[in-house]
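Chain and residue survey
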Amino acid sequence: NVINNINDYESQVRFLRHYYNIFSNLNSYKFRVKSDDVTKATKSNLIRIYSEIIKNNGSDLIQDLIDKSNIYNNFIKPRSIDEHGIYAKYKDNLDNLNRIGAVPANALLLYLFEYHKDKDLSDILTFLEKWFIIRHVTNTPSTNKLDGIFIDMIKFLDNNKGTLDDVMKSLLVELTEKDIIKNKLITSNIYDFSSNLTKCLLVHIERSFSTKESMKDYWALNTRNEGKQSHPVWTVEHIYPRNPKKDDIDEECENLKDTLGNLTLTAYNGNLSNRSYSEKLELEKDGKEIGFNSGNIKINTLLKDKVEWKGNDIKNRGKWLVEEFLKDFLRDFK
């Protein structure tokens with residue numbers, strides 16, 4: 001049953017680590033290993049830990065692992081969440097966290113979905129999306145600290161010392177300084193760093209401008225071509241082209257082309273391709289506007305009717321996008 005819920009080997013190892021490291025730190029947990037030298041579960045000591053527990057209380061442990069793996073399954077396969085199930089309202093959040101690479105947070109999520117399931121967890125899930133995007137771009141806190149940080153948050157909650165708001169404030173303190181965050185998000189070659197992370201960030205901002213009725217599935221796959229491999233409908237598009245024609249090259253834009261301000265979302269990547277900015281602005285397909293002037297994508301607002309696209313435009317749009325992304329997020333952050 002556990003393997004059916006978590007069928008990937010690395011995810012199984014991670015689940016068994018997370019499970020023990022979370023619950024062995026809780027006051028109510030009854031399967032704790034008695035050895036003094038076992039302070040936390042690692043890949044190398046998992047067999048030893050679970051062998052000892054199983055000798056003493058095997059059937060209860062296995063049942064608990066099955067129950068917890070049912071929850072954990074939602075974190076590693078969020079696209080499969082039942083639209084009418086209890087986790088349906090969190091599907092998009094969990095999908096985003098999975099794509100961003102927020103695996104260390106799965107420990108906290110497992111705890112929350114078990115012990116705080118009566119609360120609305122939407123805010124903290126959205127917070128974690130932003131937190132991990134910032135963490136990945138700034139590389140702070142370092143990877144080797146992440147597991148410990150989330151275990152500390154779990155202990156904090158289990159001892160009734162704080163609320164979910166307190167957890168979010170504590171996690172903010174783990175990030176680097178506010179000015180560094182803004183500068184990194186604006187100036188980093190984020191697309192070169194990770195096109196998937198870039199798309200997650202752009203989707204997050206675009207959705208902040210959307211209503212429930214206008215919300216699109218930006219992760220949908222095109223399955224119309226039978227027999228061919230499906231591919232994403234929506235992709236990241238470079239406003240100043242990534243591979244411009246010789247006559248369209250602008251040296252300042254060249255240095256900024258993979259930064260956030262020069263990136264947007266499109267369902268017509270093949271049509272826009274490496275066309276010049278002016279062509280991309282007004283492009284039509286089958287009598288339908290598909291260019292930046294179409295108004296279909298809200299994060300293209302600053303492009304509307306702008307006849308040329310220069311380095312300053314990229315910088316200004318980058319600042320605007322970052323302000324929108326961080327709106328309210330760093331409000332209480334010193």
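A brief look at the structure comes next. Because the structure is a prediction, the values reported are computed rather than measured.

Each neighbour pair has its own omega, and for Thr140 with Pro141 the value is 0 degrees, a cis peptide bond. Following the sequence through the fold, Pro141 ends up in the loop between helix H6 (122–138) and helix H7 (143–158). Of note, Asn139 is a non-glycine position whose phi angle comes to about 60 degrees, a positive value. One can find Asn139 in the loop between H6 and H7.

Turning our attention to the pattern of salt bridges. With the rule as written, the count across this model stands at 20 salt bridges. Residue Lys91 pairs with Glu83 through a salt bridge whose shortest N-O separation is 2.8 Å. Judged by its relative accessible area of 53%, Glu83 falls in the exposed class. Beyond isolated ion pairs, a larger network of salt bridges with shared partners links Arg79, Asp95, Arg99 and Asp217.

In terms of burial, helix H5 (residues 106–115) is a largely internal element, 8 of the 10 residues being buried. Among the residues of H5, Asn106, Ala107, Leu108, Leu109, Leu110, Tyr111, Leu112 and Phe113 are the ones counted as buried. Residues of H5 that are buried in the fold lie against helix H2 (9–23), helix H3 (46–76), helix H4 (91–100), H6, H7 and helix H8 (164–173).

Between helix H9 (residues 178–187) and helix H15 (residues 311–326), the least distance of the axes is 9 Å, while the angle of their chain directions is 130 degrees. In this view, H9 runs oblique relative to H15, as classed from their interaxial angle. Once H9 is placed against H15, the crossing between them reads as right-handed. Along its contact with H9, which presents Ile181, Lys182, Leu185 and Ile186, the element H15 presents Gly318, Lys319, Val322, Glu323, Phe325 and Leu326.

What counts and how
Residues numbered from 1 in each chain as written. Predicted model: local features only at pLDDT ≥ 70, side-chain atom pairs only at ≥ 80, totals over all residues. Heavy atoms only, no water. Helix = DSSP H or I, 4+ residues; strand = E, 2+ residues; numbered from the N terminus. Salt bridge = Lys/Arg side-chain N within 4 Å of Asp/Glu carboxyl O. Buried < 20%, exposed > 50% of the residue type's maximum accessible area, 1.4 Å probe, protein only. Contact = heavy atoms within 4.5 Å. Axes fitted to C-alpha atoms, helices over the stretch in contact; angles between N-to-C directions. Parallel < 35°, antiparallel > 145°, perpendicular 65-115°, else oblique. Left-handed = near helix turned anticlockwise from the far one by under 90°.

By themselves these figures say nothing about function.
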